[in-house]
Amino acid sequence: MIFDAATHEQAAEIVGRYPQQRSALLPLLHLVQAVEGCVTADGISFCATTLGLTGAEVEAVATFYTMYKRTPCGEHLVSVCTNALCAALGGDDIFARLSAKLGIGHEGTAGTPGQPGSITLESAECLAACDHAPVVTVNYEFYDQQTLDSAEEIVDELQAGRRPEPTRGALLTDFRTTSREIAGIYGDLAGTVDTPTASPETLRGNVIAEDLRQTAPAMPESYEMPPLPEKK
Ligand code: FES
């Protein structure tokens, strides 16, 4: 794929945010994913050229993190947490139900990738919402305390072209838009993220700590990054 002028401009904006250009690799991979629907060999080489890295260095990062998809994703990415707590509370059964319903396994896609109503399904590690287990996310937006039926309803809605409201956080968009937002490129920042994300369950530890007058050690006034090792 040839990346257009707008993508080059957005890439330059991302790179300009970091003192070391190689630090822009993670958001740049998300930008590539927003354009391509996954990270292809062209995307790897775009990142390498933009950041002065080797293809192998970019590939190593892109294959390490599961948020970078190497095959084209559906309009929506449905992630079912099957880590210990969610699994014990029904996550494994939810994944099995959705897998059977869609006729796909882990990282399979039902429908034509990128087309309306298409869904990529994944069995995910902890989605950082254990206090709301079992959890499903769609494009990383949270649907808390799911049941077999409620998870299936979410998928029905997505396949019908609707966007069910997440339990908390931002409104649901699609996988490519979310990837662009994770890259730090927003069409409408206020409209996208200006919603509460923390729930009483999540903040419960803070409330208890305040009641007990517990405090955390103060952050240092400033912190100097050690220099990067010389490239050999
Ligand atoms: S174990 Fe499922 S969100 Fe943590």
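Per chain, the residues get numbers from 1 upward, laid out in the order the sequence is written. Given that the model is predicted, a residue must reach a pLDDT of at least 70 before its local features are reported, and side-chain atom pairs must reach 80 or more before they are shown or counted; all residues, however, enter totals for whole chains, interfaces and linings. Hydrogens are left out, water is left out, and the side-chain values use all remaining heavy atoms of the structure.

Student: Explain the domain arrangement of the protein to me, please; I cannot follow it from the model alone.
Tutor: Interface extent is often summarised as the accessible area lost during association of the parts. Either an automatic procedure or a domain database provided the assignment from which the domain bounds are taken. Structurally, the protein comprises domain 1 (5-64) and domain 2 (76-174). Taking only C-alpha atoms into account, the centre of domain 1 sits 27 Å from that of domain 2.

Student: Looking at this model, I keep getting lost on the sheet that holds strand β1 (residues 76-81). Mind explaining?
Tutor: Two strands in a sheet stick together by hydrogen bonds in their backbones, pointing the same way (parallel) or opposite ways (antiparallel). Taken in spatial order, the five strands make up an open sheet running β2-β3-β1-β4-β5, and their pairing is mixed. In this open sheet, the two edge strands, each paired with only one partner strand, are β2 (108-110) and β5 (141-143). Put simply, the sheet's adjacent strands are angled 25° from each other on average, direction ignored. Bridge count for β2 against strand β3 (residues 119-124) is three bridges, and the pairing is antiparallel. The residue bridging A110 from the neighbouring strand is I119, located in β3. The strands that helix α5 (residues 84-102) touches are β1, β2, β3 and β4 (136-138); relative to β1, the one it contacts most, it runs at about 145°. Two strands make a pair as long as DSSP finds a minimum of two bridges between them. Strands here are runs of E lasting at least two residues and helices are runs of H or I lasting at least four, both read from the DSSP assignment and numbered beginning at the N terminus. In this analysis, axes come from line fits to C-alpha atoms, helices being fitted only over the stretch in contact, and the angle between any two N-to-C directions falls in the range 0 to 180 degrees. Any pair of residues with heavy atoms lying within 4.5 Å of one another is described as a contacting pair.

Student: Please explain the side chain of E152 as it appears in this structure.
Tutor: Looking at the element boundaries, E152 is found in helix α6 (residues 148-159). Separated by 3.4 Å, the side chains of E152 and K101 make a polar contact. Those residues in contact with E152 that lie beyond four places of it in its chain are R97, L98 and K101. Any N or O atom pair separated by 3.5 Å or less is treated as a polar contact, with the protein-specific requirement of one donor-capable and one acceptor-capable atom, and with residues adjacent in sequence counted only for side-chain atom pairs.

Student: Can you walk me through helix α2 (residues 25-36) in this structure?
Tutor: Since there are 3.6 residues in each turn of an α-helix, residues three or four apart along the chain are aligned in direction. In a helix, the anticipated span is given by 1.5 Å times the number of residues less one. Over its twelve residues, α2 extends 16 Å from the first C-alpha to the last, a length consistent with the 16 Å expected when each residue adds 1.5 Å. α2 sits mainly inside the fold: eleven of its twelve residues count as buried. Residues of α2 that are buried make contact with α1 (5-15), α3 (41-51), α4 (55-64) and α7 (175-182). Partly exposed describes any residue whose relative accessible area lies between the buried limit of under 20% and the exposed limit of over 50%, with all areas from a 1.4 Å probe on protein chains only and scaled to the type maximum.

Student: Teacher, can you tell me more about unusual backbone geometry here?
Tutor: Negative phi is the rule for most residues except glycine; trans is the rule for most peptide bonds. Here A133 and P134 are connected by a cis peptide whose omega angle stands at -5°. Looking at the element boundaries, P134 is found in the loop between β3 and β4. A positive phi angle is found at E107, which is not glycine, with a value near 65°. Summarising the element assignment, E107 is placed in the loop between α5 and β2.

Student: Before we go on, may I ask you to explain the UniProt feature "binding site: [2Fe-2S] cluster" (unreviewed entry) in the protein in this structure?
Tutor: UniProt positions are given in the numbering used here, feature names are shortened, and annotations may be inferred rather than shown by experiment. Look at the UniProt record and you will see "binding site: [2Fe-2S] cluster" (unreviewed entry) annotated at C81, C86, C126 and C130. Despite a sequence span of 50 residues, these residues sit close together in the fold, their greatest C-alpha distance being 9.3 Å. Its location among the elements puts C126 in the loop between β3 and β4. You can call C126 partly exposed: its relative accessible area is 40%. Those residues in contact with C126 that lie beyond four places of it in its chain are C81 and N83. Along the chain, C130 falls in the loop between β3 and β4. The class of C130 is partly exposed, set by a relative accessible area of 38%.

Student: Explain the pairing of β3 here, please?
Tutor: Consecutive residues of a regular strand have side chains that alternate between opposite faces of the sheet. Among the six residues in β3, five count as buried, and that is most of the element. As paired strands, β1 and β3 are joined by six bridges and run parallel to one another. From the neighbouring strand, L77 faces β3, where its bridge partner is T120.

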